[in-house]
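# Coordinates in review
One letter stands for each residue in the lines below.
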Amino acid sequence: MDISDILQDLNRDRDPFADDDYDDGRPSGQTDLQALTRAWINERAPQNSSHDLIERATNRIKAQIEKVEEMTGDMDPKTNFSLIIIQTEVERWKFIIRSILRARIAKIDKHTLYYLSTPELQTRLSETEIAYATRHQQLLHGHYLGSFLGSFPQQLQNLNDTAGGISMIGGPDEEGGVFVRSLGSHEIGGEGVVVRGRGRDGDGEVEVARGEVVVARWADVKEVVEKGEMELV
Amino acid sequence: MALPLPPGLTPTEVAFLCEMEMVTVVPRQKLESLNLLAGATQALRPPHRVPLPLWLALLLKRQRRANILPPPWLLPASLDKILKHETEISTETFSPPPPHPYAVSILPSATDHISPPFLPSSTADSPPDYLPYHWLELGEILLDACSDDIPDPDRVRTLLRDLREVRMAKMRASTKDLEGGGISSLRGVGAMEVAEGREFMVGVMDGLRQLGASREAARREREEDEGGGAGQGDSEDEDMGLE
């Protein structure tokens, strides 16, 4: 690596996923696409991850669609093909966003009470998602009350009982197996990410080299995935 | 509206993902730079080579506006070499993935956390001796869309099929590693292989975990009693994943 590389590094966006990348005047749609794609794949994991980025991506799409509408004004056959390309790309972005949101709704549907149960988990949801989850739970509870719960004794009507040490609220299976790829870490020397895996006959720390794909329990790698040192595949 | 799919990408979604890989095209027509959402594309001026995402390259190819240059690893000679490596040198594990093109620098930079499909592993100047993460999908898509641009496409098709079979056997064999739990490495695995094997492997893993849950809990309790919570030497995942 020589000095020009270092200078180039300095000029690069420090955090590719930061919010302020509108300010420097550089188009960073590429980094947004990468972040969006990663968010999409990560979202297909068993548990909801935190929510942002979507708004930025939808704003980009909105601006692009406006541009397309302007361009269709002057129907020049030459711009026609460019329009097809631009629209194809917009459709691809829309597909990813739709898929992310639908995957999130599926998880909310499945574990509504779980995601509403603690403030920490609630912060992972957007405002509209919280509204959706609350309404979903209300309807469900109303239906249960009307169909069978109403005829139960009062103390058996709770849906979030923790009597007997077992919570009634079912969450996602934290121990489920996932496929993750190491993205590399800045810590101590090597580029690998050190993961502590728990097994049936013993626990052990493993260094996962950059780019290597491993199978692990979600609970073991959750922290490094959230830190951005690993991604799901 | 909720997504009815199981966790993890399905093969069709993997193919969609693969279409974001960069390939090199040789344009046959001029096309001005386009301001796409992911940034501006380079202007096309024949006969200058340009890197473009695969979905755009396929669109141009279909309209006969460009030719796609096959990545070096998709040439029969390279595939032959990789197949040899898979069958003779490392008979247990997959052939290694291409090295990461950007080293981790001391200062955090945007390239640190880039991963496939955004790494340039299938452009005309990518390394010829490694199968990239999206090798199977990319090979199939290119053979389907532009077999006229690939030298000796029939031979390439046969080699891809051979590679697939060899690697599928390895994928199946790797389920043995899952028995003890912990972290099991699949270094060099491809995206489509993960998508295909996911349901089975995760199923095996979860089933074995539930069967061994009491044994695991008992071991953990015993270790806590002995005072040392750390892993014991008999852990089989300690020798895995280390280079």
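What you see is a predicted model; the values in this text were computed from it and never measured.

A word on the UniProt feature "domain: GINS subunit" (unreviewed entry) in chain B. As recorded in UniProt, the sites labelled "domain: GINS subunit" (unreviewed entry) are residues 121–211 of chain B. Secondary structure within residues 121–211 of chain B divides into 58% helix and 2% strand; the distance between the first and last C-alpha atoms comes to 41 Å.

Bringing the domain arrangement of chain A into the picture now. Residues and elements named next belong to chain A. Domain assignment breaks chain A into domain 1 (3–172) and domain 2 (173–233). Each partner contributes to the interface: domain 1 provides 6 residues, whereas domain 2 provides 9 residues. Residue composition of the side of domain 1 that touches domain 2, grouped by class: 4 nonpolar, 1 polar and 1 charged.

The next point concerns the sheet that holds strand 6 (residues 184–185) of chain B. A sheet is described by the order of its strands in space; here 4 strands give the open sequence 5(A)-1(A)-4(A)-6(B), paired in antiparallel fashion. Of all the strands in the sheet, just strand 5 (230–232) of chain A together with strand 6 of chain B have a single pairing partner and so form its edges. As defined by bridge partners, strand 4 (residues 213–217) of chain A adjoins strand 6 of chain B across 2 bridges and the pair is classed as antiparallel. Bridging across to strand 6 of chain B, Val214 of chain A finds its partner in Ser185 of chain B. Helix 6 (residues 191–211) of chain B contacts strand 1 (177–182) and strand 4 of chain A of the sheet and is inclined by roughly 125° relative to strand 1 of chain A.

Contacts between the two partners involve 66 residues from chain A and, on the opposite side, 62 residues from chain B. Residue assignment for the side of chain A that touches chain B shows that the elements contributing at least two residues are helix 2 (29–43), helix 3 (54–73), helix 4 (77–110), strand 1, strand 2 (193–198), strand 3 (203–208) and strand 4 of chain A. It is helix 4 of chain A that contributes the most residues to the side of chain A that touches chain B, 14 residues altogether. When grouped by side-chain class, the residues that make up the side of chain A that touches chain B number 26 nonpolar, 19 polar and 21 charged.

Glancing now at the packing of helix 1 (residues 11–18) of chain B against helix 4 (residues 135–145) of chain B. All names here are of chain B. Where helix 1 contacts helix 4, the axes come no closer than 10 Å and their chain directions differ by 75°. Comparing their axes, helix 4 and helix 1 come out roughly perpendicular. Counting all contacts with helix 1, which are made through Val14, Ala15 and Cys18, the residues of helix 4 involved are Glu137, Leu138 and Ile141. Classifying every residue of the contact of helix 1 with helix 4 by side-chain character gives 5 nonpolar, no polar and 1 charged.

Scoring rules and cut-offs
Residues numbered from 1 in each chain as written. Chains lettered and ligands numbered in written order. Predicted model: local features only at pLDDT ≥ 70, side-chain atom pairs only at ≥ 80, totals over all residues. UniProt positions renumbered as here; feature names shortened; annotations may be inferred. Helix = DSSP H or I, 4+ residues; strand = E, 2+ residues; numbered from the N terminus. Domains from an automatic or database assignment. Contact = placed C-beta atoms within 7 Å. Nonpolar A, V, L, I, M, F, W, Y, C, P; charged D, E, K, R; others polar. Pairing = 2+ DSSP bridges. Axes fitted to C-alpha atoms, helices over the stretch in contact; angles between N-to-C directions. Parallel < 35°, antiparallel > 145°, perpendicular 65-115°, else oblique.

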